[in-house]
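What follows is the residue order along each chain.
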Amino acid sequence: MQTAIQLIVTSLQIGAVYILFSLGLTLIFGVMRIVNFAHGHLFTISALMVAYSVPWLAGNGFPVLLAYLTGAAIGIAVALVIGFLIYVFGFRYFQRDMVGSFILSIGLVLLLDGVLLKLFGGAVRPVPEVLSGTVNILGATVTTQRLALCFAAVVITGMLYLALTRTRLGKALRAVSIDHEAAMLQGVPYNRMAMIGFMIAAGLAAVAGALIAPVSIVSPAIGADYLIKGFIAVIVGGLGSVPGAILGGLFVAAIETFGGFYFDPTAATIAIFVLVIVVLLVRPKGLLDNG
Amino acid sequence: MTFSGKLKTLALGVAVGVLGAASTAGAADIIKLGLSVPLSGSGAIWGKGSVFMCERAAKEVNEAGGVTVDGTAYTFQCIGYDNKYTAAEGTRVAQTLLNREGVKFIGGSLGTAPAQALQSLTERQGVLMFTTAWGASIKGPKFPLTFTQMNTPFEILPLLIPYVKQAHPEAKTLVMLNPNDASGQDTEAVANKVWKDTGIEILSSDFYERGTTEFQPIAARILSLNPDIVDLGAMPPADAGAVFRELASLGWDGIKVVEVGTGVDGLKATGGDAVEGVYMGAAVSFEGGEVSDHQHEVNEEARAAIGESLNTIQIGFYDAVYALKAAMEAAGSIEPREVAKALPDVTFRTFYGDEIGFYGMDNYGSRQQMKLPVIVTQVKDGKLVEAARVTPTGN
């Protein structure tokens with residue numbers, strides 16, 4: 001029983017970050033009908049900024065928690081600025097253009113890969129422990145840092161869900177996602193909605209990067225693993241569907257955790273890809289259909 | 001065409017010819033050393049350090065007068081391409097180095113899969129290749145042009161594993177975890193046998209995919225087996241650190257080994273205090289009075305350039321340059337086959353400070369392995385400390 005609880009708690013912790021990451025992917029697809037492979041790089045930029053700024057701030061007299069919060073704010077701000085530039089000078093011209101946006105995002109991936117490697121080097125950056133200690137939940141052990149990460153992810157996901165369902169902006173975003181021409185006929189400014197949707201997605205990636213930095217391996221390559229898992233999550237849940245992204249993220253995390261525990265990590269990775277194949281065969285639009 | 005037009009064309013042709021001849025004459029005195037290394041992705045730090053070390057050794061050799069063969073002084077030039085640690089990119093790099101750059105000597109290749117892709121061309125096209133790849137199948141009499149520039153599990157593990165067992169005689173059980181690629185599988189095969197020969201029971205031996213960033217499920221599995229020893233084989237230091245951190249958070253505190261662990265920086269970056277006590281077999285300590293000024297100086301330059309201390313992989317790229325210089329001068333030729341024939345019999349000054357040669361008759365049936373010292377290191381008080389060093393004997 002204790003093992004099962006430990007595995008469930010682990011799944012929820014891992015799933016929390018996958019959800020934040022895949023929510024951004026699904027939002028961009030829903031609003032702009034494009035697939036953004038450079039999404040992982042915004043996540044990476046934020047994590048790298050945290051990894052660079054926190055040790056520097058802590059070394060200059062900042063308490064670690066304050067240094068982390070400042071570093072996270074810097075990381076999110078930098079990622080948002082880069083996300084804005086990517087949108088204004090790139091994706092703005094390729095809205096609802098799958099092929100064009102695909103080529104653009106692959107080009108951006110190569111460009112950002114090179115720039116990040118040049119600027120930050122290939123070495124893994126240490127981030128000091130922000131919250132020390134562990135917490136016992138029904139016999140399962142969780143580090144305080146992971147628990148805080150999980151809590152933050154749940155709060156952000158809840159806020160996003162409420163914003164999308166209860167506010168005028170959220171309703172406009174959903175309207176554009178369902179039928180952008182009909183939405184425009186109703187007076188919804190599509191271009192503005194597209195930019196807002198893209199920037200919210202960029203913000204989600206940046207927040208996820210800042211949250212994961214203290215508990216993961218921060219290097220310019222960190223985004224690649226999350227990008228693959230994030231895509232799998234949105235394909236399983238349904239491209240463009242917010243509840244689908246949440247379900248998909250939890251699904252991927254659960255398979256990774258239970259498969260890795262009862263078989264081995266490689267078997268778990270294979271199982272995730274088998275899952276995608278099965279879902280695409282049985283429900284081509286994902287478990288909860290496209291948003 | 002008018003007479004003046006013909007004259008201009010002729011003048012242009014002569015100019016191009018002269019320039020071409022001049023550039024060919026200049027190029028003839030340069031020996032290109034091709035490098036197939038990861039320069040992007042999680043292995044980029046190893047690749048960048050390898051290029052740095054090749055260039056550093058080439059600079060030293062060139063400034064000391066270069067390689068003198070038959071009265072001509074040649075200089076070395078290192079040319080590195082990104083193999084992304086994959087066979088597919090390794091194949092592309094191999095074709096670029098051999099067919100476009102016209103390289104006749106590979107100063108180093110990193111990663112078993114890309115090295116095998118490169119070897120399939122080098123042996124056929126008569127190109128001499130150095131590699132850090134450690135599978136026994138990559139060298140031997142069938143591959144006379146291939147040489148290994150760092151210690152492999154065949155050299156490291158027979159010393160490291162008994163050392164760990166002797167230091168912890170109470171240890172009885174073990175869990176192994178390796179990357180799911182040629183490097184990991186080669187390491188696991190050797191380690192599995194040596195651990196069993198030492199009397200340790202192997203509870204589980206798993207593989208994981210490189211690039212993984214979440215190690216909690218793996219840690220939970222290891223904890224459920226409750227081993228005395230966790231051996232992370234050929235795992236990159238940063239990944240190994242993350243596993244040890246997750247294990248520590250779950251309450252496990254046993255004997256930690258990263259058999260071909262190459263350094264403490266990446267390990268500490270992700271593992272923090274949880275990496276205390278880790279044993280490694282492919283790392284170099286730059287702490288203590290026995291480190292020479294030259295080693296210190298090069299390491300500091302490397303730290304400034306790549307952000308981490310040097311490791312044995314990168315040092316192999318430095319040593320290959322000196323080995324090639326010695327063999328070319330001994331052979332009196334820069335033809336790769338002649339140099340390869342001379343290489344097993346020459347000695348050269350290694351970065352570690354000793355004058356060494358090649359061996360490997362027992363393991364590989366030919367002398368294609370650099371006779372490098374095997375160094376066992378351990379993390380103590382957050383620093384990498386040399387625990388034992390053995391210079392191998394044998395032929």
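Calculation notes
Residues numbered from 1 in each chain as written. Chains lettered and ligands numbered in written order. Predicted model: local features only at pLDDT ≥ 70, side-chain atom pairs only at ≥ 80, totals over all residues. Helix = DSSP H or I, 4+ residues; strand = E, 2+ residues; numbered from the N terminus. Rg over C-alpha atoms; globule rule 2.2 N^0.38 Å. Buried ≥ 20, exposed ≤ 12 C-beta atoms within 10 Å, placed from the backbone. Contact = placed C-beta atoms within 7 Å. Domains from an automatic or database assignment. Nonpolar A, V, L, I, M, F, W, Y, C, P; charged D, E, K, R; others polar. Pairing = 2+ DSSP bridges. Axes fitted to C-alpha atoms, helices over the stretch in contact; angles between N-to-C directions. Right-handed = clockwise from strand over helix to strand, strands pointing away. pLDDT = per-residue confidence, 0-100. Core = buried A, V, L, I, M, F, W, Y, C linked by C-beta atoms within 7 Å. Arc of directions from axis to C-beta. Expected span 1.5 Å × (residues − 1). Parallel < 35°, antiparallel > 145°, perpendicular 65-115°, else oblique. Left-handed = near helix turned anticlockwise from the far one by under 90°.

Some remarks on the overall build of chain A
Along the backbone of chain A there are eleven helices and two strands. Along chain A, helices and strands appear, N-terminal first, in the series α-α-α-α-β-β-α-α-α-α-α-α-α. In summary, chain A has a C-alpha radius of gyration of 19 Å against a globular reference of 19 Å for 291 residues, a match within 12%. Overall, the C-alpha framework of chain A stretches about 55 × 45 × 35 Å when taken along its three principal axes. Relative to its full complement of 291 residues, chain A shows a buried share of 52%. Across chain A, the fraction of contacts at a sequence separation of at least 24, relative to all contacts at a separation of at least 6, is 75%.

Thoughts on the domain arrangement of chain B
Residues and elements named next belong to chain B. Each assigned domain of chain B is listed here: domain 1 (29-150 + 291-372) and domain 2 (154-281). At the interface, 13 residues of domain 1 touch twelve residues of domain 2. Among the residues making up the side of domain 1 that touches domain 2, the classes are represented as four nonpolar, eight polar and one charged.

So, the interface of chain A and chain B
Facing the 35 residues of chain A at the interface are 36 residues of chain B. Secondary structure elements with two or more residues in the side of chain A that touches chain B: α1 (2-32), α4 (98-120), β2 (140-143), α9 (222-237), α10 (242-262) and α11 (265-282) of chain A. If you tally residues by element for the side of chain A that touches chain B, the top one is α1(A), at six residues. Of the residues assigned to the side of chain A that touches chain B, the class counts are 14 nonpolar, 15 polar and six charged.

Looking at the sheet that holds strand β8 (residues 201-208) of chain B
In a beta sheet, neighbouring strands pair by backbone hydrogen bonds and run either parallel or antiparallel. Residue and element names in this part refer to chain B. One open sheet holds the seven strands; their spatial order is β8-β7-β9-β10-β11-β16-β17, and the pairing between them is mixed. A single partner strand is all that each edge strand has here, and the edge strands are β8 and β17 (383-390). In this fold helix α5 (residues 153-167) packs onto β10 (255-258), β11 (279-280), β16 (374-380) and β17, with an angle of close to 45 degrees to the strand it touches most, β16.

Details of the pairing of β10(B)
Residue and element names in this part refer to chain B. Of the strand pairs in this sheet, strand β9 (residues 229-231) and β10 are connected by three bridges, and their pairing is parallel. Bridging from a neighbouring strand, V230 pairs with K256 of β10. In this fold, the crossover linking β9 to β10 by way of helix α8 (residues 237-249) has right-handed handedness. Two elements, β10 and β11, share two bridges in a ladder whose sense is parallel. Opposite V257, over in β11, you have Y279 as the bridge partner. Tracing the backbone out of β10, into helix α9 (residues 265-271) and back to the parallel element β11 gives a crossover that is right-handed.

A look at the confidence of the model for chain A
When pLDDT is averaged along chain A, the result is 92, and 99% of the positions lie at 70 or above. No element of chain A has a lower mean pLDDT than β2(A), at 87, and none a higher one than helix α3 (residues 64-89) of chain A, at 97.

Examining the confidence of the model for chain B
For residues with low pLDDT, the predicted coordinates do not support detailed interpretation. All names here are of chain B. Across chain B, the average pLDDT comes to 90, with 93% of residues at or above 70. Across chain B, the element-wise mean pLDDT spans from 50 in helix α1 (residues 3-28) up to 98 in β9. Under a pLDDT of 50 for its full length, residues 16-26 has, in the predicted model, zero contacts with residues more than four places off or in other chains. Per the prediction output, this complex has pTM 0.83; the corresponding ipTM is 0.83.

A short note on the nonpolar core
Of all hydrophobic cores here, the largest spans 217 residues; its most connected members are V17(A), L20(A), A47(A), A205(A), A208(A) and C54(B). Examining the composition of this core, we find that 17 residues originate from one element, α1(A), more than from any other. In this structure, this core is formed jointly by two domains, domain 1 (29-150 + 291-372) and domain 2 (154-281) of chain B, each of which donates at least three residues. If we skip the residues at most four places from it in the chain, L20(A) touches A153(A), I156(A), T157(A), L204(A), V207(A) and A208(A).

Re helix α6 (residues 168-178) of chain A
All names here are of chain A. The set of residues buried in α6 consists of A172, L173, V176 and S177. Along the axis of α6, the buried residues cluster in a sector spanning 140 degrees; they form a single face. Of the surrounding secondary structure, the elements contacted by the buried residues of α6 are α1, α5 (144-166), α7 (180-185) and α8 (190-212).

Things to note about the environment of T70(A)
Residues and elements named next belong to chain A. With respect to the helices, strands and loops of the structure, T70 is situated in helix α3. With 20 residues separating them in the primary sequence, T70 and V50 have C-alpha atoms 8.5 Å apart. The residues touching T70, leaving out its near neighbours within four places in the chain, are S53, L57 and F62.

Topic: α11(A)
With 18 residues, α11(A) ought to run about 26 Å at 1.5 Å a step, and its terminal C-alpha atoms sit 26 Å apart, in line with that. For α11(A), the elements touching its buried residues are α9 and α10 of chain A together with β8 and α7 (216-225) of chain B.

Here's the deal with the environment of L138(A)
Residue and element names in this part refer to chain A. Within the secondary structure layout, L138 lies in the loop between β1 (134-137) and β2. Residue L138 is classed as exposed on the basis of its C-beta count, with 11 C-beta atoms lying within 10 Å. Sequence separation of L138 and K285 is 147 residues, and the distance between their C-alpha atoms is 37 Å.

A look at the packing of α1(A) against α10(A)
Residues and elements named next belong to chain A. The geometry of α1 relative to α10 is characterised by a closest axis approach of 7 Å and an angle of 140 degrees between their N-to-C directions. If you check the angle between α1 and α10, you find them oblique. The crossing of α1 and α10 is right-handed. By residue class, the composition of the contact of α1 with α10 is 14 nonpolar, nine polar and one charged.

Examining the pairing of β17(B)
Residues and elements named next belong to chain B. Judged from the seven bridges that link them, β16 and β17 form a sheet pairing that is antiparallel. The partner of V376 across the bridge, within β17, is A388. Between the end of β16 and the start of β17, which pair antiparallel, lie two residues, with D381 showing a positive phi angle near 50 degrees.

Regarding the packing of helix α2 (residues 39-59) of chain A against α4(A)
Helix-helix packing is described using two parameters, namely the angle between the two axes and the distance between the axes. Residues and elements named next belong to chain A. At a closest axis distance of 11 Å, the pairing of α2 and α4 adopts a crossing angle of 10 degrees. Our classification of the angle between α2 and α4 gives roughly parallel. Considering how the two elements wind past one another, α2 and α4 form a crossing that is left-handed. Between α2, through H41, T44 and L48, and α4, the contact on the second element is made entirely by V109, L112, L116 and F120. Along the lines of polarity and charge, the residues of the contact of α2 with α4 split into five nonpolar, two polar and no charged.

Remarks on unusual backbone geometry
Although it is not a glycine, L138(A) sits at a positive phi angle of roughly 50 degrees. Even without glycine at this site, D70(B) takes up a positive phi of about 55 degrees. If you trace the backbone, D70(B) turns up in the loop between β2 (67-69) and β3 (72-82). When the 8 C-beta atoms within 10 Å are taken as the criterion, D70(B) is described as exposed.

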